[in-house]
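The residues making up each chain are set out below.
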Amino acid sequence: MVAVTSTTRRTGRRRPGGRQAVRLLILIAIVAVVLYPLLWMLGTSVKSQEEIVNNIGLLPETFTPGNYTAGWGNFDLSFGTFFLNSAMVSLLTVAGNAVSCLLAAYAFARLRFRLRGIWFAVMIGTLLLPGHVLIVPQYILFRSLGLVGGEWPYLPLLIPQFLATEAFFVFLMVQFMRGIPRELDEAAKIDGASPYGIFRHVILPLSRPALVTTAIFSFIWTWNDFFRQLVFLSSLDDYTVPVALTLFIDSTSQSAVGPMFAMSVLSLLPVFLFFLAFQRMLVEGINTSGLKG
Amino acid sequence: MALTTAPGRTGRSGSARPHANRRRVGRDRHAEGLAGYVFLSPWLIGLMGVTAIPMLLSLWLSFTDYDILTPLSEVRWVGLANYERMFTADPSYWHAVRVTLTFAVVAVPLKLAAALGVALLLNKAWRGVGLFRALFYLPSLLGGSVALAIVWVNMFNRDGAFNSFLALFGIEGLPWVSDPDWALQTLMVLAIWQFGAPMVIFLAGLKQVPTELYEAASVDGASRWSQFWHVTLPMLSPVIFFNLVLETINGFQGFTAAFVLSNGTGGPVDSTLMYTLKLYISGFTDLEMGYASAMAWVFLIAIGLITAIFFSTGRFWVHYSDGEK
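This structure is a prediction, so every number in the text was calculated from the model and none was measured.

What follows is about the overall build of chain B. Along the backbone of chain B there are 14 helices and zero strands. From first element to last, N terminus to C terminus, chain B shows the α and β order α-α-α-α-α-α-α-α-α-α-α-α-α-α. What you see for chain B is a C-alpha radius of gyration of 28 Å, clearly larger than the 20 Å of a compact globule of 325 residues, by over 25%. For the C-alpha atoms alone, the extent of chain B along its principal axes is close to 100 × 75 × 35 Å. Residue burial in chain B is summarised as follows: out of 325 residues, 52% are buried. If you take every contact in chain B between residues at least 6 apart in sequence, the share linking residues at least 24 apart comes to 64%. Summing over all exposed atoms, chain B offers an accessible surface of approximately 15500 Å²; the carbon and sulfur share of this is 67%. Taken together, the 21 basic and 20 acidic charged side chains of chain B have centroids lying 21 Å from each other.

Across the contact, 96 residues belong to chain A and 92 residues belong to chain B. Buried surface at the junction of chain A and chain B, both sides included, amounts to about 8400 Å², of which 77% is carbon and sulfur. For chain A, the biggest contributors to the area lost against chain B are A:Arg23, A:His132 and A:Ile140; these three give 7% of the whole. In this structure, A:Arg112 and B:Glu32 form a salt bridge, with 2.9 Å as the shortest nitrogen-oxygen distance. Taken together, the links from chain A to chain B amount to nine residue pairs in polar contact (both at pLDDT 80 or more).

Moving on: the side chain of A:Gln138. The residue A:Gln138 is located in helix α7 (residues 131-144) in this model. A residue is classified by how much of its surface remains accessible, and A:Gln138, at 4% relative accessible area, is buried. Within the structure, A:Gln138 has its side chain in polar contact with the side chain of A:Arg228 (distance 2.8 Å). Discounting chain neighbours no more than four positions away, the residues touching A:Gln138 are A:Arg228, A:Phe232, B:Val50 and B:Pro54.

As a rule of thumb, non-glycine residues mostly have phi less than zero, and peptide bonds are mostly trans rather than cis. Residues and elements named next belong to chain B. Cis rather than trans, the peptide bond between Gly 267 and Pro 268 has omega equal to -5 degrees. By the secondary structure assignment, Pro 268 is in the loop between α12 (256-262) and α13 (275-285). Residues other than glycine seldom take positive phi values, yet Asn 263 does so here, at roughly 50 degrees. With respect to the secondary-structure elements, Asn 263 resides in the loop between α12 and α13. Notably, Val 269 is not glycine yet its phi reads approximately 45 degrees, a positive angle.

A water-sized probe, rolled over the atoms, reveals where empty space remains. Going through the model one piece at a time under the given rule, you end up with one cavity of 30 Å³ or more. For the largest cavity, the calculated volume is near 50 Å³. Together, A:Trp223, A:Asn224, A:Val241, A:Pro242, A:Leu245, A:Ser267, A:Leu268, B:Ser145, B:Val146 and B:Ala147 line the largest cavity. Broken down by secondary-structure element, the contributors of at least two residues to the lining of the largest cavity are α12 (208-224), α14 (241-250) and α15 (257-289) of chain A together with α6 (146-155) of chain B. In the lining of the largest cavity, the residues fall into seven nonpolar, three polar and no charged.

With that out of the way, let us pick up the environment of B:Thr186. All names here are of chain B. Mapped onto the elements of the fold, Thr 186 is located in helix α8 (residues 183-193). Judged by its relative accessible area of 4%, Thr 186 falls in the buried class. Spatially, the C-alpha atoms of Thr 186 and Ala 257 are 9.9 Å apart, while their sequence positions differ by 71 residues. Leaving out residues up to four positions away in the same chain, Thr 186 has contacts with Trp 152, Phe 156, Trp 176 and Val 177. Of note is the side chain of Thr 186, whose polar atom sits 2.9 Å from the backbone oxygen of Trp 182.

What follows is about the packing of helix α5 (residues 79-110) of chain A against helix α11 (residues 195-206) of chain A. Two numbers describe a pair of packed helices, the interaxial angle and the distance between the axes. All names here are of chain A. Across the interface, α5 lies against α11 with an axial gap of 12 Å and an inter-helix angle of 105 degrees. As the angle between them shows, α5 and α11 are arranged roughly perpendicular. Contacts between α5 and α11 involve Leu 102, Leu 103, Tyr 106 and Arg 110 from the former and Pro 195, Ile 198, Phe 199, Ile 203 and Leu 204 from the latter. Taken together, the residues that form the contact of α5 with α11 break down as eight nonpolar, no polar and one charged.

Here a ring pair, both rings aromatic, is described through the centre-centre distance and the interplanar angle of the planes. Residues and elements named next belong to chain A. Applying the stated criterion across every chain yields a total of 55 aromatic pairs over all chains. Summarising the aromatic geometry, the rings of Tyr 106 and Phe 199 are spaced 5.0 Å apart at their centres and angled 50 degrees between planes, so their arrangement reads as tilted. Taken together, the residues Tyr 106 in helix α5 and Phe 199 in helix α11 connect sequence positions 93 residues apart. Phe 199 gets classed as buried once you look at its relative accessible area, which sits at 11%. On the basis of an interplanar angle of 10 degrees and a centroid distance of 4.6 Å, the ring pair of Phe 219 and Phe 274 is categorised as stacked. Here Phe 219 is found in helix α12, whereas its partner Phe 274 is found in helix α15, with 55 residues between them in sequence. Judged by relative accessible area, Phe 219 falls into the buried class, the value being 8%.

Here we take up the pattern of salt bridges. Tallied over the full model, the rule gives seven salt bridges over all chains. For B:Lys278, the salt bridge goes to B:Asp90, with nearest N and O atoms at 3.0 Å. Of this pair, B:Lys278 sits in helix α13 while B:Asp90 is found in the loop between α3 (81-89) and α4 (91-122), placing the two residues 188 residues apart along the sequence. Residue B:Asp90 is classed as buried on the basis of its relative accessible area, which comes to 11%. Within this structure, A:Arg112, A:Lys189 and B:Glu32 form a network of salt bridges that share partners.

Residues and elements named next belong to chain A. On the surface, Leu 39, Leu 42, Leu 58 and Leu 59 cluster together to form a nonpolar patch covering roughly 380 Å² of accessible area. Looking at the secondary structure, you find Leu 42 in helix α2 (residues 16-44). For Leu 42, a relative accessible area of 45% gives the class partly exposed.

Procedures and definitions
Residues numbered from 1 in each chain as written. Chains lettered and ligands numbered in written order. Predicted model: local features only at pLDDT ≥ 70, side-chain atom pairs only at ≥ 80, totals over all residues. Heavy atoms only, no water. Helix = DSSP H or I, 4+ residues; strand = E, 2+ residues; numbered from the N terminus. Rg over C-alpha atoms; globule rule 2.2 N^0.38 Å. Buried < 20%, exposed > 50% of the residue type's maximum accessible area, 1.4 Å probe, protein only. Contact = heavy atoms within 4.5 Å. Areas by Shrake-Rupley, 256 points an atom, 1.4 Å probe, with all protein chains shown as cover. Lys, Arg positive; Asp, Glu negative; His and termini not counted. Charge placed at Lys NZ, Arg CZ, Asp CG, Glu CD. Buried area = accessible area lost by both parts, 1.4 Å probe. Salt bridge = Lys/Arg side-chain N within 4 Å of Asp/Glu carboxyl O. Polar contact = N/O pair within 3.5 Å; in protein donor to acceptor, adjacent residues only side chain to side chain. 1 Å grid on protein atoms, 1.4 Å probe; cavity = no way out; pocket = protein on both sides within 12 Å on 5 of 7 lines; lining within 4 Å. Points joined across faces, edges and corners; volume = space filled by probe spheres on them. Nonpolar A, V, L, I, M, F, W, Y, C, P; charged D, E, K, R; others polar. Axes fitted to C-alpha atoms, helices over the stretch in contact; angles between N-to-C directions. Parallel < 35°, antiparallel > 145°, perpendicular 65-115°, else oblique. Phe/Tyr/Trp six-rings, centres within 6.5 Å; stacked < 30°, edge-to-face > 60°. Patch = residues over 30% accessible without salt bridge, like charges linked within 9 Å, V, L, I, M, F, W, Y side chains within 5 Å.

Everything listed here is a matter of coordinates, which is why it stays silent on function.
Here it is, written out as structure tokens:
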């Protein structure tokens, strides 16, 4: 049977070399188109002002790193502040999502309690809820609590993340935990472990892959997020990188193009590094769970 | 806790055991139920505080003329006035609806077609396929960022890279991003460019198609094209459906690129006024929170309806291999 299939396959694919070469050429052409904007951005970021206008090619004739220093200090504050703000928001979001979604997922995946089915259905329902629907009332709510532009203006961005409102990650972890053999829980139970003990000693250590996936996507999405940060951050020294980048658009002067590109490159750097480090996981992560990326 | 299961106890007289066991099971179940709510509590608090109550608040506000500056206690109830204004007295609202629908109807199918096409090219395993997969996925990962939107806008400027590329072929370019007839198309190209995420999902789906089906088809003399139509597409329909629903909902929510292209105005001449951008402008620029809330509710209902329509029509073209419908 096996031998038969392998021969039919081989005969079914005569002249694999020629077809493969065509396929490869098409793919290389598509890759060139796909990567062009990114390479062009990189090239433009090191072009002089004059070259940005005259030379639209990928490579600069003269390498001009000055855009980076100019962009870094282009506004009253250095971009360092914006990067620190973004890093803090992103890392705290990662922590909040990992902890709160893990707790909720354990309850949904492993514990029997009254109304579980209903709560689970509600959780799935919130999965489809667009963030834009909630932004107005959330803004009003956080504002009336004095948290918008308050002493620590990031609270409106962070509080929801510590309350497992990112239903997507709850769902992802529930799916993952369902794959952990129930016998392990049962064995721990017989050894006298409470639900808390089972969580601590069985589920938590085994959930590491799901936690890592959650952490990576949580970081990248928050780093890239613009809408919520735009709405909730109102004073310049609280701005995160995406909001700060829009300052370049406001200052319409042509001379800011180089610095704008330089800062755009830097702003993509953390995501790009994550991509390099975890690309296999990121790509597999979305095909198992349908992450939007 | 450990005491109840100590062997000394279970070894006692037979008649007491079932009773003790039942009590133990009951107590365990009670403990588990309590633990369930303990573990669920952050989520429950979030559901109430950050989702449910804000939603109810938003529903109520949609019947008021709340402008954020007057205190909530003095808000005036205006009935259906916001909805009426939206549907009858605000042409830019309908414009936003049209822009958003156009965007979704054109960009989503093209994006999915690109994703499927490239997935088919990558489907066979060979050396280097992983690298291609990763490179195609990269734009999806960076896609929602402000930085990328900035690059895109500059690339499609009057004197941008795209026009000088066209100039190589003697074609005179257009000021794509500042031309009301082309600004939205520029955003669509940006969206299609990010075909990597649905592509990866298609690839996973293609792996599930049994090779025997292709073998049987080629024994029957089916051409590659008819194999694609009669084997690949039907077998892939659940994944196509999944991507279609996901990408349509995402498409409706496009905000960042439209904001960056138009500097938050939806211009030129409202050509990129996506629904969410209109909502943002109403709520946070014009401070008409009541009106924005009404818009949010219509948006929610529209997305719900569209999802429902997808699911009810899906029955006719989505084939599950186990015969499940």
